[in-house]
Amino acid sequence: MHLLRLTAVAAAVALVSAPLQAREITFGHVGGPDSLFTDTADHFAELVNERLPEPYEVVVFGSSQLGTDSELLQRMRLGTVDLALPSTIMSSVSDEFGLFELPYLIQDREHMKRVEEEIVWPHLAPLAEQNGYRILAVWENGFRHITNNRRAINAPEDLRGIKLRVPQGVWRVRMFEEWGAEPSPMSLSEVFMALQTGVMDGQENPLAQIVGQRFQEVQNYLSLTGHVYTPAYLTAGRRFNNLPEEVQEIILEAAQETQAFVYEHAAQLDEDLIEVIRQARTEVNEVDTSVFIEASASIYEAFANEVPGSQELIDRILALGEGS
């Protein structure tokens, strides 16, 4: 009996002294090694991991290691991934997120800050939550531009016949169809090969994604259309509510603090990366956006007709842009 007590005590001591089993909080995104997504996610992880108690740690998996955007959304709902950074794909969660696929709706980052406060949090975030996702912070994918191997794009008619990769968003497809291109949704991880082999002529993305995915190595033209601004949403899935309240609060606080870094870093990348693209011998051209805006009236009309209540949101967003 005495021996049994000693054995039990020894086991208890070993259990107490053993290190706590790590609880990884998995964070997946599709950005490449040098993308804004990677820089932002790594900044956030460093910030949050300095504050999290043991055994919790945010571990970032970029470059679609945990799946495409659509797969990440599914895995968050299943509870096999904790956090992700969806962008355009959110229009598949709720039609209203398609607002951010409308061309030239967002004028600049100051405009987007007002839109976040008055449109995203009161109107869009609850729609995501109804579908099983909790938006923790609004970060950025950025202002999108067109690259291709056929010709410089100066007007919508220049897009005719161009096979253009687009992300999985219904309204992005419809916009480029209206402008005359031949758009095809495709996962970001597949695009480099599609451009290199000629399966696709071009694609459209923010500069940080273009350079992060090395598209300048396989594209001859960059046209600075700035046709769409896409937010990115740090989003949590079903497992988030199972974390201790203290851990949830630390993650939420760090997520929102990261936004200032996102906007500052993104603006700097917009300045720096054009030269990186030029150095790859990609021809860069400025664009008179007024001709694209004129060609977009039917897209706005269709969206307002097909997404109930969206005309009021469009009008409010446009009003928030006055004076930007």
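Going by the structure above, here's the rest.
For clarity, every value in this text was computed on a predicted model and none was experimentally measured. (Residues numbered from 1 in each chain as written. Predicted model: local features only at pLDDT ≥ 70, side-chain atom pairs only at ≥ 80, totals over all residues. Heavy atoms only, no water.)

Some thoughts on helix H3 (residues 69-78)
Cut-off, in case you're wondering: Working definition: with a 1.4 Å probe on protein chains only, accessible area under 20% of the residue-type maximum means buried, over 50% means exposed, and in between means partly exposed. Secondary structure elements follow DSSP: runs of H or I of four or more residues count as helices, runs of E of two or more count as strands, with numbering from the N terminus. Here the arc refers to the directions that run from the helix axis out to each C-beta atom.
Of the residues making up H3, those classed as buried are Leu72, Leu73 and Met76. Along the long axis of H3, the arc covered by the buried residues comes to 100°, so they all point the same way. Immediately downstream of H3, the backbone of glycine 79 shows phi near 90°, a positive value.

A word on the pairing of strand E8 (residues 221-224)
Successive residues of a regular strand alternate their side chains across the two faces of the sheet. Basically, it comes down to this: DSSP bridges decide pairing: two strands pair if at least two such bridges lie between them.
Direction of pairing for strand E4 (residues 134-148) relative to E8: antiparallel, over a ladder of three bridges. By the bridge assignment, asparagine 148 is partnered in E8 with tyrosine 221. As paired elements, E8 and strand E10 (residues 283-286) share four bridges and run parallel to each other. When the sheet's bridge partners are listed, serine 223 is paired in E10 with asparagine 285.

As for the pattern of salt bridges
Here is the rule: When a carboxyl oxygen of Asp or Glu lies within 4 Å of a side-chain nitrogen of Lys or Arg, that pair is called a salt bridge.
Across all of its chains, the model carries 13 salt bridges by this definition. Among the ionic pairs, arginine 239 bridges to aspartate 82, the shortest N-O distance being 2.9 Å. Linking arginine 239 in the loop between strand E9 (229-236) and helix H8 (245-279) with aspartate 82 in the loop between H3 and strand E3 (83-84), this pair joins segments that are 157 residues apart in sequence. The class for arginine 239 is partly exposed, based on a relative accessible area of 25%. For lysine 113, the salt bridge is made with glutamate 110, and the minimal N-O distance between the two is 3.1 Å. With a gap of three residues between them, lysine 113 and glutamate 110 both fall in helix H4 (residues 109-130), about one helical turn apart.

Focus on the packing of H4 against H8
When two helices pack together, their arrangement is given by the angle between the helix axes and the distance between those axes. Put simply, the rule is: Axis definition: a line fit to C-alpha positions, over the contact stretch in the case of helices; interaxial angles, taken between N-to-C directions, run 0 to 180 degrees. Orientation categories follow fixed angle ranges, with anything under 35 degrees roughly parallel, anything over 145 roughly antiparallel, 65 to 115 roughly perpendicular, and all other angles oblique. For any helix crossing, the convention is left-handed if the near helix is rotated counterclockwise from the far helix by under a right angle, and right-handed if that rotation is clockwise. Note on contacts: a residue pair qualifies if any of its non-hydrogen atoms lie within 4.5 Å across the two residues. In this classification, the charged set is Asp, Glu, Lys and Arg, the nonpolar set is Ala, Val, Leu, Ile, Met, Phe, Trp, Tyr, Cys and Pro, and all remaining amino acids, among them Gly, are polar.
One can describe the packing of H4 onto H8 by two numbers: an axis separation of 12 Å at closest approach and a directional angle of 155°. Compared by their axis directions, H4 and H8 come out roughly antiparallel. Helix-helix and strand crossings are classified by hand; for H4 and H8 the assignment is right-handed. For the pair formed by H4 and H8, the contact residues are Arg109, Met112, Lys113 and Glu116 on the first element and Gln259, Tyr263, Ala266, Ala267 and Asp270 on the second. The residue makeup of the contact of H4 with H8, split by class, is four nonpolar, one polar and four charged.

Notes on empty space enclosed by the protein
Filter applied, for reference: Every definition here rests on a 1 Å grid over the protein atoms only: cavities are sets of points where a 1.4 Å probe fits but cannot get out, pockets are open sets enclosed by protein on both sides within 12 Å along at least five of seven lines, and lining residues have some atom within 4 Å of a point. Grid points are joined across faces, edges and corners, and a volume is the space filled by probe spheres set on the points.
Under the defined criterion, the tally for this structure stands at three cavities of 30 Å³ or more. A volume near 220 Å³ is recorded for the largest cavity. Lining the largest cavity are 19 residues, with Val30, Asp69, Arg165, Pro167 and Leu188 sitting closest to its centre. Elements with a contribution of two residues or more to the lining of the largest cavity: H3 and E4. Classifying every residue of the lining of the largest cavity by side-chain character gives six nonpolar, ten polar and three charged. Here the second largest cavity defines a volume of roughly 50 Å³. In terms of residue count, E9 provides more of the lining of the second largest cavity than any other element does, three residues in total.

Some words on the pairing of E4
Taken across its 15 residues, E4 has 14 buried, putting it largely inside the fold. The pairing of E4 with E9 spans eight bridges and is antiparallel. Its bridge partner being in E9, arginine 134 is matched across the sheet by alanine 236. As paired strands, E4 and strand E7 (residues 202-206) are joined by five bridges and run antiparallel to one another. Pairing of isoleucine 146 across the sheet is with glutamate 204, part of E7.

Brief notes about the packing of H4 against helix H11 (residues 310-320)
In the contact formed by H4 and H11, the axes pass within 9 Å of each other and the chain directions differ by 150°. In terms of orientation, H4 and H11 fall into the roughly antiparallel class. Crossing handedness for the pair H4 and H11: right-handed. Contact residues: His111, Arg114, Val115, Glu118, Ile119 and His123 in H4; Leu313, Arg316, Ile317 and Leu320 in H11. Residues of the contact of H4 with H11, tallied by class, amount to five nonpolar, two polar and three charged.

Observations regarding the nonpolar core
Put simply, the rule is: Nonpolar cores were defined as sets of buried Ala, Val, Leu, Ile, Met, Phe, Trp, Tyr and Cys residues, with membership established by side-chain atoms within 4.5 Å.
Ranked by size, the top nonpolar core spans 103 residues in total, and within it Phe27, Phe44, Met112, Trp139, Phe176, Leu234 and Ile251 carry the most contacts. For this core, the element with the most residues is H8, which contributes twelve residues. Apart from residues lying up to four places away in sequence, phenylalanine 27 is in contact with Ala41, Phe44, Val58, Val59, Val60, Phe61, Leu83, Ala84, Leu85, Trp139 and Leu234.

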